[in-house]
Amino acid sequence: MAMLVVITEAVPPRLRGRLAVWLLEIRAGVYVGDVSRRIREMIWEHVEALAEDGNVAMAWASNHESGFEFQTYGENRREPVDHDGLRLVRFLPPQVN
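Predicted, not measured: the structure shown is a model, and the values here were computed from it. (Residues numbered from 1 in each chain as written. Predicted model: local features only at pLDDT ≥ 70, side-chain atom pairs only at ≥ 80, totals over all residues. Heavy atoms only, no water.)

Caption draft 1: Looking closely at helix α2 (residues 37-50). Taking 1.5 Å per residue, 14 residues should reach 20 Å; α2 reaches 20 Å between its end C-alpha atoms and fits that length. Where α2 is concerned, the buried positions are Ile39, Arg40, Ile43, Trp44, Val47 and Leu50. Around the axis of α2, the buried residues are gathered within 145° of arc, so they sit on the same side. Residues Arg37, Arg38, Glu45 and Ala49 are exposed on α2 and point more than 90 degrees away from its buried face. (Helix = DSSP H or I, 4+ residues; strand = E, 2+ residues; numbered from the N terminus. Expected span 1.5 Å × (residues − 1). Buried < 20%, exposed > 50% of the residue type's maximum accessible area, 1.4 Å probe, protein only. Arc of directions from axis to C-beta.)

Caption draft 2: Region of interest: the nonpolar core. Leu4, Val6, Leu15, Leu19, Leu23 and Val56 are the most contacted members of the largest nonpolar core, which has 17 residues in total. Tallying contributions element by element places α2 first for this core, with five residues. (Core = buried A, V, L, I, M, F, W, Y, C linked by side-chain atoms within 4.5 Å.)

Caption draft 3: Molecular detail of the packing of aromatic side chains. Counting across every chain of the model gives one aromatic pair. Ring centres 6.4 Å apart and planes at 35° place the aromatic pair Phe68 and Phe70 in the tilted group. The exposure class of Phe68 is partly exposed, given its relative accessible area of 42%. Here Phe70 falls in the buried class, since its relative accessible area comes to 13%. In this structure, Arg87 packs its charged tip against the face of Phe70, placed 4.5 Å from the ring centre. (Phe/Tyr/Trp six-rings, centres within 6.5 Å; stacked < 30°, edge-to-face > 60°. Lys NZ or Arg CZ within 6 Å of the ring centre and 35° of its normal.)

Caption draft 4: Region of the structure containing the environment of Leu15. Relative to the helices and strands, Leu15 resides in helix α1 (residues 13-22). For the pair Leu15 and Val96, spaced 81 residues apart in the sequence, the C-alpha separation amounts to 30 Å. Every residue in contact with Leu15, bar those within four places of it in the chain, is listed here: His46, Val47, Leu50, Ala51 and Val56. (Contact = heavy atoms within 4.5 Å.)

Caption draft 5: Focus on the environment of Arg77. By secondary structure assignment, the location of Arg77 is in the loop between β5 (68-73) and β6 (78-83). C-alpha separation for the pair Arg77 and Leu92, spaced 15 residues apart in sequence, amounts to 5.0 Å. Discounting chain neighbours no more than four positions away, the residues touching Arg77 are Arg90, Phe91, Leu92, Pro93 and Pro94.

Caption draft 6: The pattern of salt bridges, seen in detail. Taken as a whole and judged by the stated rule, the model has five salt bridges. One salt bridge connects Arg37 with Glu41, and the closest N-O pair in it is separated by 2.8 Å. Taken together, the residues span about one helical turn, with Arg37 and Glu41 both in helix α2 at a distance of four residues. Given a relative accessible area of 59%, Arg37 falls into the exposed group. Using a relative accessible area of 37% as the deciding quantity, one classes Glu41 as partly exposed. Between Asp82 and Arg87 there is a salt bridge, with its nearest N and O atoms 3.5 Å apart. (Salt bridge = Lys/Arg side-chain N within 4 Å of Asp/Glu carboxyl O.)

Scope: geometric values only; no functional claims are made or implied.
In C-alpha cells, the structure reads:
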C-alpha cells in the first residue's frame, strides 16, 4: 500500500462523495489515504467518469527517483511534462479572453 493524495477543483458533489468512501478529506477538495494500487486505479476510473469539467491531481508514493508519481485530469494552467524520464510541471500563462 502507498500514500495517496487527490486534489479536486470544481468537481461534482457525487465525485467528492465517492472519494470520501476510500479517502479522508482533510481540507475542502483534498483527500489522503493509504491504498493499494488496485484501489488507486479504481479511484482514478471514478475520477475520469465523474469529474466532468472539473480538474483533479492525484499523487502517490513510489520508488521512482522523485519518490512519487502523479497524474492529472481536466484543464489547468499546470501541465505535466516528461523531461528525460522525470515528470515535471510546466506552468502555462493565463489565457486572455
